[in-house]
There are 2 protein chains.
Amino acid sequence: MAKYEKISEAVVRRLPIYLRYLSYLQQVNVTTVSSQQMGMNLDVNPAQIRKDLAAFGDFGKKGIGYDVNYLVENIRQILKLTDEVRVVLVGAGHLGHAISNYNAYVKDNIRIAAIFDNDASKLGKEVAGLPIQSMSEMAHTIAEKNIKLAIMTVPAPAAQTVCDQLVSFGIKGILNFAPTTIKVPKDVRVHYADVTSNLQSLAYYIT
Amino acid sequence: MAKYEKISEAVVRRLPIYLRYLSYLQQVNVTTVSSQQMGMNLDVNPAQIRKDLAAFGDFGKKGIGYDVNYLVENIRQILKLTDEVRVVLVGAGHLGHAISNYNAYVKDNIRIAAIFDNDASKLGKEVAGLPIQSMSEMAHTIAEKNIKLAIMTVPAPAAQTVCDQLVSFGIKGILNFAPTTIKVPKDVRVHYADVTSNLQSLAYYIT
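Quick caveat: nothing in here was measured; it's all calculated off a predicted structure. (Residues numbered from 1 in each chain as written. Chains lettered and ligands numbered in written order. Predicted model: local features only at pLDDT ≥ 70, side-chain atom pairs only at ≥ 80, totals over all residues. Heavy atoms only, no water.)

**Some points on the UniProt feature "binding site: NAD(+)" (unreviewed entry) in chain A**
Residue and element names in this part refer to chain A. Summarizing the sequence annotation, UniProt attributes the feature "binding site: NAD(+)" (unreviewed entry) to Gly91, Ala92, Gly93, His94, Leu95 and Gly96 in the numbering used throughout. Of note, Gly91 is situated in the loop between β4 (85-90) and α5 (94-101). Taking relative accessible area as the criterion, Gly91 reaches 7% and is therefore assigned buried. Ignoring sequence-local partners within four residues, the contact set of Gly91 consists of Gly96, Phe116, Asp117, Thr153 and Val154. Residue placement: Gly93 occurs in the loop between β4 and α5. In this structure, Gly93 is in contact with Asp117 and Lys122, ignoring residues within four places of it in sequence. (UniProt positions renumbered as here; feature names shortened; annotations may be inferred. Helix = DSSP H or I, 4+ residues; strand = E, 2+ residues; numbered from the N terminus. Buried < 20%, exposed > 50% of the residue type's maximum accessible area, 1.4 Å probe, protein only. Contact = heavy atoms within 4.5 Å.)

**Examining the domain arrangement of chain A**
When its domains are assigned, chain A resolves into domain 1 (3-78) and domain 2 (85-198). Averaged C-alpha coordinates put domain 1 of chain A and domain 2 of chain A at centres separated by 30 Å. (Domains from an automatic or database assignment.)

**Re the pattern of salt bridges**
Residues and elements named next belong to chain A. If you walk through the whole model with that rule in mind, you get 10 salt bridges over all chains. Across the pair Arg111 and Glu84 runs a salt bridge, and its minimum N-O distance is 3.1 Å. One end of the pair, Arg111, is in strand β5 (residues 110-117); the other, Glu84, is in the loop between α4 (68-78) and β4, with 27 residues separating them in the sequence. Judged by relative accessible area, Arg111 falls into the partly exposed class, the value being 31%. Given the relative accessible area of 40%, Glu84 is considered partly exposed. (Salt bridge = Lys/Arg side-chain N within 4 Å of Asp/Glu carboxyl O.)

**Regarding the relation of the copies chain B and chain A**
Once turned by 180° and shifted 0.0 Å along the axis, chain B lies on chain A with an RMSD of 0.0 Å. Both copies are brought into coincidence by an operation consistent with a two-fold rotation axis. Comparing contact sets, 100% of the residues at the interface of chain B also lie at the interface in chain A, consistent with an isologous, same-surface contact. (Least-squares fit on C-alpha atoms with pLDDT ≥ 70 in both.)

Given below as structure tokens:
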């Protein structure tokens with residue numbers, strides 16, 4: 001495989017989408033796929049797909065397409081998904097529950113390893129096999145389990161406070177579902193997963 | 001304002017993120033912002049921000065920055081968010097509840113106008129002021145309220161069937177939370193909002 005030290009953020013965001021589609025093809029026993037077919041199904045320009053993948057190596061065969069299994073394996077390596085990645089989730093409300101219950105993470109080597117909430121009445125209750133823990137245990141659990149990633153499913157007014165705590169405990173990446181902007185130090189990365197932005201870009205094409 | 005007929009998908013996906021940050025600045029009474037400041041807070045290259053915005057008009061003043069209110073107003077126009085956009089939500093589980101309860105949509109002129117579920121025991125119960133309706137009412141409600149957008153928060157195995165129904169009832173855009181790929185006709189657009197892809201791209205930077 002070719003070297004792939006420098007990947008643009010746009011590519012890092014597209015590779016998981018390719019990976020999801022390719023995993024789907026594996027499930028339905030499709031072994032070869034063309035960039036045209038991928039592009040049509042994923043709403044991405046086929047030339048873009050070829051360019052993205054060519055940056056990492058010579059995966060495709062002209063006139064035949066990509067070997068699905070081989071490509072899945074390589075994208076997993078590129079995204080460093082070969083070892084398990086542990087994540088904490090803060091906010092065990094409806095959204096927190098729904099996310100915890102997705103089994104998909106396990107398959108993708110991303111695993112929610114601890115769940116926290118500030119509601120005393122929820123403590124000890126299990127979500128997806130994990131007990132809801134008190135916020136006061138966050139520092140200890142994050143250090144003990146060497147966790148660097150967090151999912152925040154807290155209400156918007158609580159987001160910055162929770163974020164500051166997570167950062168002070170060593171979290172370096174936050175997937176923020178709270179519909180609000182949060183401030184972090186330069187060495188911490190935030191991805192926003194709020195529904196509004198997603199709907200707005202979708203609405204642009206339809207209305 | 002300059003013409004803006006052709007906007008690339010990447011820009012359409014970034015504009016809502018700019019809009020969210022600018023709305024936040026409005027809330028905290030900040031009236032001017034530089035591309036550097038925006039870039040730092042949003043983890044986007046400031047040159048990219050300047051380029052994105054310059055495509056629509058001359059919003060910035062050199063050495064001063066952008067007028068926040070003026071920019072918000074213009075991005076709303078560009079994204080066609082000046083009229084209300086109605087959305088149906090299918091799947092009133094934890095995730096469906098959480099999404100329905102976000103107030104953010106109203107503010108952004110995107111409003112969930114009907115909620116459906118196939119669980120008879122849920123029918124008639126209210127979520128965010130809307131009664132959960134039977135799937136058999138979907139066709140009628142979508143036509144009556146002239147709805148073109150749908151949010152799917154159904155389990156993965158149900159996703160394709162529900163998607164096919166929505167498309168047959170005239171839905172043209174789907175925000176899919178089910179962690180699975182769905183097939184749609186060419187004139188229907190799907191955005192994937194699954195957590196796994198988001199975590200995978202975040203993990204890439206951290207691990």
